[in-house]
Amino acid sequence: MGAGHAHRLYRHGHSPVHALPPHTKLAAAFAFVVVVVSTPREAIWAFGLYAVLLGVVAHLARVPAAFLLKRLLIEVPFVAFAVLMPFVAEGEQVDVLGLSLSVNGLWGAWNVLAKGTLGVAASVLLASTTELRELLLGLQRLKLPPLLVQIASFMIRYGDVITDEMRRMRIARESRGFEARGVRHWGVLAKSAGALFIRSYERGERVHLAMVSRGYAGSMPVIDEVTASRAQWSYALALPVAALVVCLLGWTL
Amino acid sequence: MHVPDGFINAPISAATGVVAAGAVAVSLRGARRELDERTAPLAGLVAAFIFAVQMLNFPVAAGTSGHLLGGALAAILVGPFTGVLCVSVVLLMQGILFADGGLTALGVNITDMAIVTTVVGYAVFRGLVKVLPRSRRSITVASFAAALLSVPAAAVAFTLIYAIGGTTDIAIGKVATAMIGVHVLIGIGEAVITALTVGAVVAVRPDLVYGARGLQQRLKLRVNGELVDAPDATPVPAAARTSRRKLWITGLVTSLVLAGFVSFYASANPDGLEKVAHDKGIDKKEEKHASSDSPLADYGVKDIANARLSGGLAGVIGVGVTVVAGSGVFWAVRRRRSTDTSPTAVENV
């Protein structure tokens, strides 16, 4: 817990995007992705405009391009999948560089790549401009069930603690000469996982008792109510509205 | 297996979102029943555990390694409702924070990976625990089978969702082959790890394992130097129990034998029409009948070269799915009938 309370994906800053209330940002990101997903895939230029819109947001949030691009790497497995698509899809074939590719598959690959990349970029921008606790407050504000938000907040709060416990167990194993090389060593690793479960569960019980002794009765007190003015809402929703205009143009043109 | 945005079309994403929201709402109520007011801290910590254990790499061979998905494990360790909640929260956080899985595909991801794996895993587990003798070993065996079936079941669910709302028209047979073939392999790894992990927990703290609550040792009294069973607080009607167990065993074994072994031999000889079609080469054309779109098309897991083995495997998976569906309905009916009569055993967790 001593290592600061911001997650690794958060990028501290004081930009206008950072200052927006979290629930407006969540709503805007979600609406933006919905609009992107419902755009026809034939309107290639529309996806370019979406990318420009996200670029503007990143510029306003002062998130450097390198940071954004590095985070986009999480998408690589899907890229591999998308590359396979033109080879396995059905329908009429077209010859590209001597390879017989399916037209439908090419469209499908483009569809997944474009929409997936834009979706990932939107989530990355959201996570890098919103603090964890704010994010959870925003979720609560958006009427997610309070119990679910509490579970999520405990998961986030203790995620690092549990991961650290796992790391310590790994160091303990390695300092005793253990090296996992194959299936034969699964037993040891699984015992570690079992021990980790017992530790997590018992920690949960202790946390609960500590909370009860401080007056917990099933719901967390809300200390700072986040509110958003109409101006902040309109500022946040400018992104999805602009995207919606692009999307409508994409359907009509 | 995290589905990105744009992979499944908008209406189906919305529909699965509704399914996921409903299931999470049901699990929230159920988890409160399983854990009462300790739900938030305990489910939160278990979610953190699932999150951490997904990062634990299990080396397979030659540099490749796999990791646990954790649906079946969560269901067995903390109960199905809490399990669904924990995995859903993990997926939600992965989607929002790590951009792992699209925001609009959250419904698909939760339905597929949180609900199907947990529910199928737990149903198989309960069914097996019911028929197997009460011992630690059978808990391990049951968790092995539960995890083994839960992963291909998720692959089947994904294939179904893809068949309805996929954005590319790849032949469903191909998707099913690739998905199920790969996930049967993944399922084997998942099964071994889950069984070992559950075994490790049961060996140390059997009281923490939700699925092993019936396993507690009877209290013994030493009377004049002899061990005598302590009188039960709530006498269990033993006769009805054994007869039902016998019925379960017979049914399960019969169907598994039929599906696995009989189709092992039967499917090696394709039936007349199929053989003709094959000889004439007409089955290469598009004129396939409707059921060839089904995930277990032609009753074979196609990735596996051996026709007999693949047919048998498909049979066993089929029986697994059927048993799950059937016992789900059975349970729902029985639970409704006996909600107020059953003795609610309050365990000392």
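These figures come from a predicted structure and were not determined experimentally.

Quick notes on the rules
- Residues numbered from 1 in each chain as written.
- Chains lettered and ligands numbered in written order.
- Predicted model: local features only at pLDDT ≥ 70, side-chain atom pairs only at ≥ 80, totals over all residues.
- Helix = DSSP H or I, 4+ residues; strand = E, 2+ residues; numbered from the N terminus.
- Rg over C-alpha atoms; globule rule 2.2 N^0.38 Å.
- Buried ≥ 20, exposed ≤ 12 C-beta atoms within 10 Å, placed from the backbone.
- Contact = placed C-beta atoms within 7 Å.
- UniProt positions renumbered as here; feature names shortened; annotations may be inferred.
- Nonpolar A, V, L, I, M, F, W, Y, C, P; charged D, E, K, R; others polar.
- Domains from an automatic or database assignment.
- Axes fitted to C-alpha atoms, helices over the stretch in contact; angles between N-to-C directions.
- Parallel < 35°, antiparallel > 145°, perpendicular 65-115°, else oblique.
- Expected span 1.5 Å × (residues − 1).
- Pairing = 2+ DSSP bridges.
- pLDDT = per-residue confidence, 0-100.
- Left-handed = near helix turned anticlockwise from the far one by under 90°.
- Core = buried A, V, L, I, M, F, W, Y, C linked by C-beta atoms within 7 Å.
- Bend = angle between axes of the 7 residues up to and from the residue.

Things to note about the overall build of chain A
Next up, step 1: Across its full length, chain A carries 10 helices and 2 strands.
Next up, step 2: In chain A, the succession of α and β elements from N to C terminus is α-α-α-α-α-β-β-α-α-α-α-α.
Next up, step 3: Against the globule reference of 18 Å for 253 residues, chain A gives a C-alpha radius of gyration of 23 Å, more extended than a compact globule.
Next up, step 4: Over its C-alpha atoms, taken along the principal directions, chain A stretches across nearly 65 × 55 × 30 Å.
Next up, step 5: Within chain A, the fraction of its 253 residues that count as buried is 40%.
Next up, step 6: For chain A, contacts bridging at least 24 residues in sequence account for 79% of all contacts bridging at least 6.

Things to note about the UniProt feature "transmembrane region" (unreviewed entry) in chain B
Next up, step 1: UniProt feature "transmembrane region" (unreviewed entry): in the numbering of this structure it lies at residues 7–28, 40–60, 72–98, 110–129, 141–164, 176–204, 247–266 and 312–333 of chain B.
Next up, step 2: With 100% helix and 0% strand, residues 176–204 of chain B has end C-alpha atoms that lie 40 Å from one another.

Quick look at the interface of chain B and chain A
Next up, step 1: Counting residues at the interface gives 58 residues for chain B, matched by 69 residues for chain A.
Next up, step 2: Of all the elements in the fold, those that place two or more residues in the side of chain B that touches chain A are helix H1 (10–35), helix H2 (39–53), strand S1 (58–61), helix H4 (80–97) and helix H7 (172–204) of chain B.
Next up, step 3: Looking at the side of chain B that touches chain A, the element that brings in the most residues is H2(B), giving 14 residues.
Next up, step 4: Its residues assigned to classes, the side of chain B that touches chain A comprises 42 nonpolar, 9 polar and 7 charged.

Remarks on the UniProt feature "transmembrane region" (unreviewed entry) in chain A
All names here are of chain A.
Next up, step 1: Within this numbering scheme, the UniProt entry marks residues 43–60, 72–89, 109–127 and 233–251 as carrying the feature "transmembrane region" (unreviewed entry).
Next up, step 2: Helix makes up 100% of residues 109–127 and strand 0%. Its end C-alpha atoms lie 26 Å apart.
Next up, step 3: In residues 233–251, helix accounts for 100% and strand for 0%; the two terminal C-alpha atoms are 27 Å from one another.

A short note on the domain arrangement of chain A
Next up, step 1: Domain assignment breaks chain A into domain 1 (16–138 + 227–252) and domain 2 (145–213).
Next up, step 2: Distance from the C-alpha centre of domain 1 of chain A to the C-alpha centre of domain 2 of chain A: 34 Å.

Some details on the packing of helix H2 (residues 22–37) of chain A against helix H10 (residues 230–252) of chain A
Residues and elements named next belong to chain A.
Next up, step 1: In contact at an axis separation of 9 Å, H2 and H10 are set at 0 degrees when each is read in the N-to-C sense. Considering the angle they form, H2 stands roughly parallel to H10. In this structure, H2 uses Thr24, Lys25, Ala28, Ala31, Phe32, Val35 and Val36 to contact H10, whose residues at the interface are Gln232, Trp233, Ala236, Leu237, Leu239, Pro240, Ala243, Leu244 and Cys247.
Next up, step 2: Across the contact of H2 with H10, the residue classes break down as 13 nonpolar, 2 polar and 1 charged.

Points about H4(B)
Residues and elements named next belong to chain B.
Next up, step 1: If you check H4, its first and last C-alpha atoms are 25 Å apart, about what 18 residues at 1.5 Å a residue would give, namely 26 Å.
Next up, step 2: With 17 of its 18 residues buried, H4 lies for the most part within the structure.
Next up, step 3: Just downstream of H4, alanine 99 is the residue with a positive phi angle, here 55 degrees.

Digging into the environment of Arg206(A)
Next up, step 1: Relative to the helices and strands, Arg206(A) is located in helix H9 (residues 186–213).
Next up, step 2: Between the C-alpha atom of Arg206(A) and that of Val124(A), which follows or precedes it by 82 residues, the distance is 34 Å.

Quick look at the pairing of strand S3 (residues 220–223) of chain B
Residue and element names in this part refer to chain B.
Next up, step 1: Bridge count for S3 against strand S4 (residues 226–229) is 4 bridges, and the pairing is antiparallel. Each bridged residue has a counterpart across the sheet, and for valine 223 the counterpart in S4 is glutamate 226.
Next up, step 2: Between the antiparallel neighbours S3 and S4 lie 2 residues, among them asparagine 224 with a positive phi of about 55 degrees.

With respect to the confidence of the model for chain B
Residues and elements named next belong to chain B.
Next up, step 1: The predicted model of chain B averages 72 in pLDDT, with 61% of residues at 70 or higher.
Next up, step 2: When pLDDT is averaged over each helix and strand of chain B, the minimum, 44, is found for helix H9 (residues 272–280) and the maximum, 90, for helix H5 (residues 106–131).
Next up, step 3: Per-residue pLDDT stays below 50 along residues 339–349; that stretch engages in 6 contacts with residues further than four places along the chain or on separate chains.
Next up, step 4: The ipTM assigned to the predicted complex is 0.85, against a pTM of 0.73.

Some words on the packing of helix H3 (residues 71–78) of chain B against H4(B)
Residues and elements named next belong to chain B.
Next up, step 1: The interhelical angle for the contact between H3 and H4, taken along N-to-C directions, is 140 degrees, at an axis separation of 7 Å. The angle between H3 and H4 places the two elements in the oblique class. The chirality of how H3 crosses H4 is right-handed. Along its contact with H3, which presents Gly71, Ala74, Ala75 and Val78, the element H4 presents Pro80, Thr82, Gly83, Cys86 and Val87.
Next up, step 2: For the contact of H3 with H4, a count of residues per class yields 6 nonpolar, 3 polar and no charged.

Focus on the environment of Phe47(A)
Residue and element names in this part refer to chain A.
Next up, step 1: Tracing the sequence through the fold places phenylalanine 47 in helix H3 (residues 44–60).
Next up, step 2: Spatially, the C-alpha atom of phenylalanine 47 lies 9.5 Å from that of glycine 250, the residues being 203 residues apart in sequence.
Next up, step 3: If we skip the residues at most four places from it in the chain, phenylalanine 47 touches Ala114 and Leu118.

Considerations on the nonpolar core
Across soluble globular proteins, nonpolar side chains have a tendency to be buried as a group.
Next up, step 1: Residues Met155(A), Val46(B), Ala47(B), Ile76(B) and Val89(B) are the most contacted members of the largest nonpolar core, which totals 155 residues.
Next up, step 2: Ignoring sequence-local partners within four residues, the contact set of Ile76(B) consists of Tyr122(B), Phe125(B), Ser143(B), Ala146(B), Val198(B), Val209(B), Tyr210(B) and Gly211(B).

What to know about unusual backbone geometry
All names here are of chain A.
Next up, step 1: Phi angles above zero are rare outside glycine, and arginine 62 is one such case at about 55 degrees.
Next up, step 2: Tracing the backbone through its elements, the reader meets arginine 62 in the loop between H3 and helix H4 (65–71).
Next up, step 3: Unlike most non-glycine residues, lysine 143 shows phi in positive territory, near 70 degrees.
Next up, step 4: Inspection of the secondary structure assignment puts lysine 143 in the loop between helix H7 (132–141) and helix H8 (146–175).

Considerations on H10(A)
Residues and elements named next belong to chain A.
Next up, step 1: For H10, spanning 23 residues, the distance from its first C-alpha to its last is 31 Å, which sits close to the expected 33 Å at 1.5 Å a residue.
Next up, step 2: A maximum bend of about 40 degrees is found in H10 at alanine 238, where proline proline 240 lies one to four positions downstream.
Next up, step 3: Contact partners of the buried residues in H10: H2 and H3.

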